[in-house]
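# Working through the structure, step by step
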Amino acid sequence: MTATRYLVTSALPYANGPLHLGHAAGAYLPGDIFCRFQRLRGNEVLYICGSDEHGAAILMRARQEGVTPKDVVDRSHERIARAFERFGMSFDWYGRTSSATHHETSAAFFEKLAGEGRFVLRSEEQLFDPEAKLFLADRFVVGTCPKCGNANAYGDQCEACGSSLSAKDLIDPRSTLTSATPVLRETTHWFLPLGDHQEVLAKWIASRVDWKPNVLGQIKSWMEGGLEDRAMTRDLPWGVAVPKAVADAAGVDASGKVLYVWFDAPIGYISATREWSQAHGDPDGWRRWWQNDETQLVHFIGKDNIVFHCLVFPLMLHLHGDYVLPRDVPANEFLNLEGQKFSTSRNWAVWLDDALDEFPADYLRYALCSILPESKDADFSWRDFGARINNELADTLGNLVHRCVTFCVRSFEGRVPPLEGPSDVDREALDQLARTTRAVADSIEHYRFREALAELMNLARHGNKYLSDGEPWKTKKSDPRACANTIHVALQIVASLSILSDPFLPDIAQRLRGRLGLGATRREPQDAGLSWDAAAQPLLEVGATVHDGEALVPKIEDSAIEAQLAKLEAASRAATGTATEAADASSSAAAYAPLLPTIAFEDFAKIDLRIGRVLSAEKMKKSKKLLRCEVDLGFEVRQILAGVAEHLTPEDLIGKQVVVVANLAARPMLGTESQGMLLMAEGRDGKLSPATAAQEAGATVR
RNA sequence: GGCGAGAUAGCUCAGUCGGUUAGAGCGAAGGCUUCAUAAGCCUUAGGUCGCCGGUUCAAGUCCGGCUCUCGCUACCA
């Protein structure tokens, strides 16, 4: 078999916080299983990852914490890298995009594309914070929403009304960094004209018929919407600087300009590969991987990264011209936690390193692998975790090993007994080894890791049945030869399992091989270790010594599971204040909304607040959020559209006496005019409830 | 509203090109067993394949419509 060359990447984790189990299940565990398998198989594998350390969010976090961006990424990089190591990730290189090599590589990449006229320069006005001397990403401007009047709308989106906004449209904008009033200032950026290359991309995608439907569907969705130019640079003091030569050639002052994080991050795969080859004393070695048509480039990512890995980065590679394009991008969907989305702000999460403090990596790997969100969003629950480990991994696999080995130790002095005159059943059981080896391999090749794991566990179930049927504890006296055959075959099954489980459960597999006196598995094509195909045939020599020991897979106590549940609830409650209803899946910031700047009394006096009685309320057609209400203000009845349908039913409002902004300019929405605004109180859990008062309709509110 | 993905047993999920009685694991019930980690094996129960209509000799599978969930997007207090 000629070795295939696999260049595999897992999405670069963003160095802004720790990893949770959802990350692990999305891009990392599948990539690791794939790589470990391909190495065992004898293929050439280079597995690359690293920390993504640029971007506005990291800069902002640093400012909030009063530290430098480098402090933030150093800390995160450390924590993430350590968690990966403990989780058993077998990266050949784990880099970071703040490295010199990366800066150099991505700047050169940018320079080449710029030199060949691949970008479009465009100037536009953006908000600038004169105190911080920074251009502000939309996210870092707050102000009054022009649509709904919410005074705390973010520049990219108003969380009150859900509007997508541009920061420039905010009324009374201010910087979240300094509270200064931003000013409009012109700035120039390099745009990648994706639309110009839509046909090339469409053609390329059309050749990828074997990609997962969720990936192709996403791509199709983007393509049909028409690809738009995307800015590949930003005004930020943190990141890979726009090369001076490029800026000079364009006649642009590049000071304070960096590459957009989504331009530089995927290049991180390339620069990490360069670092790897430098570290191996072969500075040009990376080219053999990236600049070679025979390389199978595979990106493991979560579904949020599809557009970049399937359209933007491939286009960048294509335009550059020297690189291979991805062979496959097996993106996973998302993992939920106990039925709800992972949420950092609500602290609804299980952090990978915390989980590794409590349970062996292989337990997490097993449980996550059996529920990987391969075709749709999946759910991690602690009780399910406990059941899978105890009922499957411990009872089916761990106990099979134990019963075979202890029997061998007690009845055959720990030596693999000979196989003499095997029965049909014995032969059939040995034949199963080849079938399972093939089936598991086939599943992994198609990125069906759940299926692969199930196939592997089926062999363990076969083993248990084979033992029960053979009843060696009876034949030990009645038919010693049959007894020996049964134990011989059962041990061969266990031996194969020690290979087949290696990609999934590297630690358990290794300890198992230790007990069977088997050596290491193959890491490189030429290396002499045990190969994947070894699992297809009997592996143990007659007379070889096996050892008994502590349980290979100790069970988890129920109390440990309950403790995790309690911990999760407690952390969530602490983050969301009094909210105990964990069932609320609506996303919202856990913190109190920041206090707005002081206003003059005269400003306040302009607002005419009245009590209104809600006469009727009904859902608006064609709208997810709007309720159409008729509100009696005493002196007249108004039609008011309230964007609360996701929180309240019409019955929640009908008959209520609520506070109304009575002198708000009327505005049409979805063709219907709204003549005012109902005031709502928004809790930190994001839930709305009407601001009510027990006064007659028309009463003023001061 | 538009686009994409999904909905199959109590739970987690398979189900290929339309083809016999819709499968697996876990859980449940009953039985057997004792080498073993209160383990193992066997048997059984459990499904209107989200809903409605259509094509077909035949639909979980193909087509149309609808409902719900998730994501993106539009409108939007």
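Quick caveat, the model's predicted, so the values are computed rather than measured. (Residues numbered from 1 in each chain as written. Chains lettered and ligands numbered in written order. Predicted model: local features only at pLDDT ≥ 70, side-chain atom pairs only at ≥ 80, totals over all residues. Heavy atoms only, no water.)

Within the secondary structure layout, Leu 467 lies in helix 15 (residues 449–470). Accessibility expressed as a relative area gives 3% for Leu 467, which makes it buried. Separated by 63 residues in sequence, Leu 467 and Cys 404 have C-alpha atoms that sit 8.3 Å apart. Among residues more than four places away in sequence, those in contact with Leu 467 are Leu 400, Arg 403, Cys 404, Pro 472, Trp 473, Thr 486, Ile 487 and Ala 490. (Helix = DSSP H or I, 4+ residues; strand = E, 2+ residues; numbered from the N terminus. Buried < 20%, exposed > 50% of the residue type's maximum accessible area, 1.4 Å probe, protein only. Contact = heavy atoms within 4.5 Å.)

Residue position: Leu 364 is located in helix 12 (residues 361–370). Spatially, the C-alpha atoms of Leu 364 and Ser 98 are 30 Å apart, while their sequence positions differ by 266 residues. Excluding residues that lie within four positions of it along the chain, Leu 364 makes contacts with Phe 87, Ala 355, Leu 356, Phe 359 and Phe 385.

Attention now moves to the side chain of Thr 475. Inspection of the secondary structure puts Thr 475 in helix 16 (residues 472–478). Excluding anything up to four places from it in sequence, Thr 475 contacts Gly 470, Pro 480, Ala 482 and Cys 483.

For Gly 519, the location among the structural elements is in the loop between helix 18 (506–516) and helix 19 (558–575). Placed eleven residues apart in sequence, Gly 519 and Leu 530 show a C-alpha to C-alpha distance of 7.0 Å. Those residues in contact with Gly 519, other than ones at most four positions away along the chain, are Arg 513 and Leu 530.

This part covers the sheet that holds strand 14 (residues 335–337). Strand order across the open sheet formed by three strands is 15-14-16, with mixed pairing between neighbours. Looking at strand neighbours, the two that pair on one side only are strand 15 (340–341) and strand 16 (378–380), the edges of this open sheet. Two strands pair when backbone bridges link them, and strand 14 and strand 15 are joined in this way by two bridges, in the antiparallel orientation. Bridging across to strand 15, Leu 337 finds its partner in Gln 340. (Pairing = 2+ DSSP bridges.)

For the rest of this paragraph, the subject is the sheet that holds strand 9 (residues 183–192). On the basis of which strands lie adjacent, the open sheet formed by four strands has the order 5-4-9-10 and antiparallel pairing. A strand with exactly one partner marks an edge of an open sheet, and here the two such strands are strand 5 (134–135) and strand 10 (230–231). Note that strand 9 and strand 10 share two bridges and pair antiparallel. Bridged to Leu 192 within strand 10 is Arg 230. This element, helix 10 (residues 306–320), spans strand 9 and strand 10 of the sheet and lies at about 70° to strand 9. (Axes fitted to C-alpha atoms, helices over the stretch in contact; angles between N-to-C directions.)

All right, on to the nonpolar core then. Within the largest apolar cluster, 167 residues are counted, with the highest numbers of intra-cluster contacts made by Phe 263, Trp 290, Phe 385, Phe 504 and Leu 516. The greatest single-element share of this core, amounting to 13 residues, is contributed by helix 13 (residues 382–412). Apart from the residues lying within four places of it in its own chain, the contact partners of Phe 385 are Phe 359, Tyr 363, Leu 364, Ala 367, Phe 380, Ile 556 and Ile 561. (Core = buried A, V, L, I, M, F, W, Y, C linked by side-chain atoms within 4.5 Å.)

Quick look at the packing of helix 5 (residues 198–206) against helix 10 now. Contact geometry for helix 5 and helix 10: axes closest at 11 Å, N-to-C directions at 105°. The angle between the axes of helix 5 and helix 10 places the two elements in the roughly perpendicular class. Between helix 5 and helix 10, the contacting residues are Val 200, Leu 201, Trp 204 and Ile 205 on the first element and Cys 310, Leu 311, Pro 314, Leu 315 and His 318 on the second. When grouped by side-chain class, the residues that make up the contact of helix 5 with helix 10 number eight nonpolar, one polar and no charged. (Parallel < 35°, antiparallel > 145°, perpendicular 65-115°, else oblique. Nonpolar A, V, L, I, M, F, W, Y, C, P; charged D, E, K, R; others polar.)

It is the contact of helix 6 (residues 213–224) with helix 10, at a shortest axis distance of 10 Å, that shows an interaxial angle of 65°. Considering only the axes of helix 6 and helix 10, their crossing is right-handed. Mapping the contact onto sequence places Asn 214, Val 215, Gln 218, Ile 219, Trp 222 and Met 223 in helix 6 and Ile 306, Val 307, Cys 310 and Leu 311 in helix 10. (Left-handed = near helix turned anticlockwise from the far one by under 90°.)

As a further point, take the pattern of salt bridges. Under the defined criterion, the tally for this structure stands at 35 salt bridges. Between Arg 122 and Asp 229 there is a salt bridge; the shortest N-O distance is 2.5 Å. Pair noted here: Arg 122 is in strand 4 (residues 120–129) and Asp 229 is in the loop between helix 6 and strand 10, with a separation of 107 residues, a long-range link. Looking at Arg 122, the relative accessible area reads 32%, which means it is partly exposed. The salt bridge involving Arg 511 is made with Asp 507; its shortest N-O contact spans 3.3 Å. Residue Arg 511 and its partner Asp 507 are located together in helix 18, separated by four residues, close to a single helical turn. Residues joined in a network through salt bridges with shared partners are Glu 53, Lys 70, Asp 74 and Arg 96. (Salt bridge = Lys/Arg side-chain N within 4 Å of Asp/Glu carboxyl O.)

Position of Asp 328 relative to the elements: it lies in the loop between helix 10 and strand 14. For the buried Asp 328, no salt bridge is present, and the opposite-charge side chain at shortest range is Arg 327, 5.1 Å distant. Filtering out sequence-adjacent residues up to four positions away, Asp 328 remains in contact with Trp 211, Leu 297, Val 298, His 299 and Tyr 447. (Lys, Arg positive; Asp, Glu negative; His and termini not counted.)

Turning next to the pairing of strand 2 (residues 44–51). Residues in a regular strand project their side chains so that they alternate between the two faces of the sheet. When you tally the buried positions in strand 2, you get eight out of eight residues, the bulk of the element. Of the two faces of strand 2, the one holding Glu 44, Leu 46, Ile 48 and Gly 50 and the one holding Val 45, Tyr 47, Cys 49 and Ser 51 are both buried throughout. Sheet topology places strand 1 (residues 5–10) next to strand 2; five bridges connect them, and they run parallel. By the bridge assignment for strand 2, Thr 9 is matched with Ile 48. On the question of chirality, the crossover connecting strand 1 to the parallel strand 2 by way of helix 1 (residues 21–41) is right-handed. Pairing of strand 2 with strand 3 (residues 93–96), which is carried by four bridges, proceeds in the parallel orientation. When the sheet's bridge partners are listed, Gly 50 is paired in strand 3 with Gly 95. (Right-handed = clockwise from strand over helix to strand, strands pointing away.)

Read these as spatial facts, not as claims about activity.
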